[in-house]
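The chain contents come next:
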Amino acid sequence: MTQRISLNGSDWLYKDFVGEDWIWRDAEKPDTKDVRWWRKGTVPGTVLHDVWQNGETPDPFFERNSLLVEWVPERTWVYKKSFRADEKLRGQRIQLHFKGVDYEARFFLNGQAIGTHRGMYTPAVFEVSGVLKYGEENLLAVVIEKAPDEQPQVSKTSYVRTHKSRMTYWWDFCPRMIHQGIWDDVYLEVTGPVRLEDVYVRPQLTEDYQYANVSVSVELSSTQETLVDVETVIRLQGNQVASASSRHAIAKGTTKLNALVELADPKLWWPNGSGEAHLYEASVEVTEHGTGSVSAERKVVFGIRELRFEANETSDTTAKPYTLVVNGEKTFIKGWNWVPMDVMYGVPRPEKLERLLQLARRAGVNMLRIWGGGLIEKDAFYELCNRYGIMVWQEFIQSSSGIANKPSTEPEFLAMMAHEAEEIIPRKRNHPSLVLWCGGNELQGAGDLPLDDDEPVLTILKEAVERLHPGALWLPTSPSGRLFMNSLENIANDPTGMHDVHGPWEHQGLTAHYTLYNRGTSLLHSEFGVEGMTNLKTLNETIADANQWPTGKDNLVYFHRGSWWNNEQLVQEAFGGQLADVTTMIRASQFLQAEGLGYALESNRRRKKQSSGTLPWQFNEPFPNAWCTSALDYYANTKQVYYAVARAYRPVSISAGFDMMAWEGQSRFAADLWAVSSLIRPLEGVQAAWRLVGANGAVYGEGSWNGTVQSRTPVKLLQLQVPFDQVNDEVFFLVLELTDANGRVIADNRYTYSRTADMVPLLAVPPTSVQAVKRESGHDQWHLELTNTGGHTAVQVHMEDARPLAAEGYVYFSDNDFSLLPGEKMTITVDWTGVPNEHRTLELTGWNMELETIR
């Protein structure tokens, strides 16, 4: 029987050394005289985190303190742990596993060198049966070498020689905090003489989806010739649904076997929003024949689904296919770009991981792109994606570098990447969520055009994916061309060449932003965004009050914390230079971020069939920036843009296409109304209603449309026009609602506009009040009925957790950050997780409302 003995914990000791001083001091040996200044550390973890928690550096998340921790990766670090090996383990086959060490290390057990390893995504595994002391204390020591010299964001990709996250070497959303450490699990694995080295489950569906042929391939390693019985059992929700048994005479060394199991009426794994993500379990047990002794066993979770790309509706026959088909159903990619959830990514944060992926699921996201400057994530990430139906676009860790973006063609680099692929792919391929492998981020050649599969390293990686993970999708890089940049110039010069594109990442302005996205022609938009400030609580946690104003790049603290995404000047221009305090600047910047990105997503979705997916940049952030393109702050709290994306990703959407936010100089307001549905069946007998409403509640125009909204086909409902001589408010709203044949609201939307040259009037909407009535529904759920009891619109009503940032548990809102018209009611569902009843407190506020506390 396979037994796993964890060596994780907070009982490790660590110490820093300059170079190889540790050798001179025998620091790795049990009888070392180097006994001073060893500190307690945690595995898995991050060296910098241990150093910080022991008070040896200031808080690296505060102001510019990250500059004071840059010495840490220049040192060599020795980690060691004592543990006892039970006498009962004697005679068993025992391996020592390090699932991930970043980046290069030497390993010692009881003072004996047992090996070296280089590479953070591949495991270090050692046979230690003959080195362990049974019934006694053992000393395990790991020497983590100085971090390799690698390239930050601005450099040349051809200089890169490692397969390591480059983000921590400095990126536009992450300061230089280079990572080192034992960043994944450490354990002893105990088996009999025959070990299960690999189990690969590959289901293949019949054309009618009525059966699945499940291939279970195993790789055994044995220390002797022997006869074994191999039993494979398939379970669904704990119930056995199929099995296979076989007997084999195996030789010493490696043996590969395969079992084929047929499943009738398989339960399919569907992406989020398309159906349930059914998960099966395959357990493989290897027994020594005649003894009844189980030598090894392993359990693998898998899903049954079929994937392919089909051609988009385009006249350009050179375009790659980007329309995703899952289980025979065309599936619009409602994605987001994912970056490591922490710059100190070795520290396990299961609650935060659950929070982030729960937010993605609730927003309707069906795919996360793991960006090529980040990580091959730990298994916990993919396991949650498996459960939540979130497809994963996994890039190998290669990225652009600004100056030059073509990877090295040196034989040593190519051999290293080939080895990495051989090790990584088999360890991740059972996850049904992992649907697509990509060669890297923004890899480009001559003329800044995206590289293709004939690039040497991409040829190697593609071949490995096709051989080791058949059925997975592949793209050479993101974007994959023909052109790189989504710009008006490229659209004008080569409108059919906008296949898979990136950019822009900035708000384009109150008119130019809408001009760009109204003219879009891309087939896939795999990275683009809009920038905005962080939340006030995060700002207060990370920047002293005296340094919070001004908020532009001339403030040295702000320059350090996200200068690339600091668009303070544009935000001030959009609000007529009237933003005079931090709170108002945050509100204005987050408003523009939300309006800008939400419109971009809606525009892409209105082009469905030509456009097959959208993945904005970026979902989360690894460091508490002051300005960033992220939808969540570092502490996993939502910014306004999160809810804009969630609305755009609803299964049924009603939206408007228009030319600008600020309408000065125009004689009439004009917009096109659209509906789009991701549902399988058409929506018949629906009614779309629109109203143009002033901030005081006056209705300046209204109308309706009746008809059918086809499945997965955008429908242009109508074009509306309202003369501005009928509009008396400087602030007005377009309110949209789609109801089904029974009068039930199935989609709604609203947009905010100004009649002037900018959005200044939004700052001057007279005060109002919103009444909140709480009803508890179940142990962890509230329903809040919000009613605007005043005579003017409540601008950007906002709810948030009133507790400190460090408080345990989270709150989720069904919607947030919306404007509520005079007399209007809205019911919000509030879900609490991990928060005691007595601590559940919300703050309700808005641009023109007093703060209210809800308990």
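As a starting point, this report considers the structure included with it. Because the structure is predicted, anything quoted here is derived from the model rather than measured.

What counts as what
- Residues numbered from 1 in each chain as written.
- Predicted model: local features only at pLDDT ≥ 70, side-chain atom pairs only at ≥ 80, totals over all residues.
- Heavy atoms only, no water.
- Buried < 20%, exposed > 50% of the residue type's maximum accessible area, 1.4 Å probe, protein only.
- Helix = DSSP H or I, 4+ residues; strand = E, 2+ residues; numbered from the N terminus.
- Pairing = 2+ DSSP bridges.
- Axes fitted to C-alpha atoms, helices over the stretch in contact; angles between N-to-C directions.
- Core = buried A, V, L, I, M, F, W, Y, C linked by side-chain atoms within 4.5 Å.

**A short note on the pairing of strand β4 (residues 76-84)**
The buried fraction of β4 amounts to 7 of the 9 residues, a majority that puts the element mostly inside the structure. Judged from the 8 bridges that link them, β4 and strand β10 (residues 137-144) form a sheet pairing that is antiparallel. Residue pairing in the sheet places Lys80 in a bridge with Ala141 of β10.

**Description of the sheet that holds strand β14 (residues 194-205)**
The strand order across the open sheet formed by 3 strands is β14-β15-β18, and the pairing between neighbours is antiparallel. At either end of the open sheet lies a strand with only one pairing partner, and these are β14 and β18 (253-264). Strand-to-strand twist across the sheet, computed as the mean angle between neighbouring axes with direction ignored, equals 15°. Inspection of the sheet shows β14 paired to strand β15 (residues 211-222) by 11 bridges, in the antiparallel sense. Among the inter-strand pairings, Leu196 is bridged to a residue of β15, identified as Leu220.

**What to know about unusual backbone geometry**
Residue Ser478 is joined to Pro479 through a cis peptide bond whose omega torsion reads 0°. Residue placement: Pro479 occurs in the loop between β29 (473-475) and α7 (488-493). Cis geometry marks the peptide bond from Trp549 to Pro550; its omega dihedral reads 5°. With respect to the helices and strands, the residue Pro550 is situated in the loop between α9 (536-542) and α10 (556-560). For Lys609, which is not glycine, the phi dihedral falls at a positive 95°. Relative to the assigned elements, Lys609 resides in the loop between α12 (582-606) and β33 (613-614).

**As for the nonpolar core**
Membership of the largest hydrophobic core comes to 213 residues, with the highest contact counts inside it found for Phe98, Phe575, Leu734 and Leu786. For this core, the element with the highest residue contribution is α12, accounting for 11 residues.

Interpretation note: all reported values are geometric properties and have no functional meaning in isolation.
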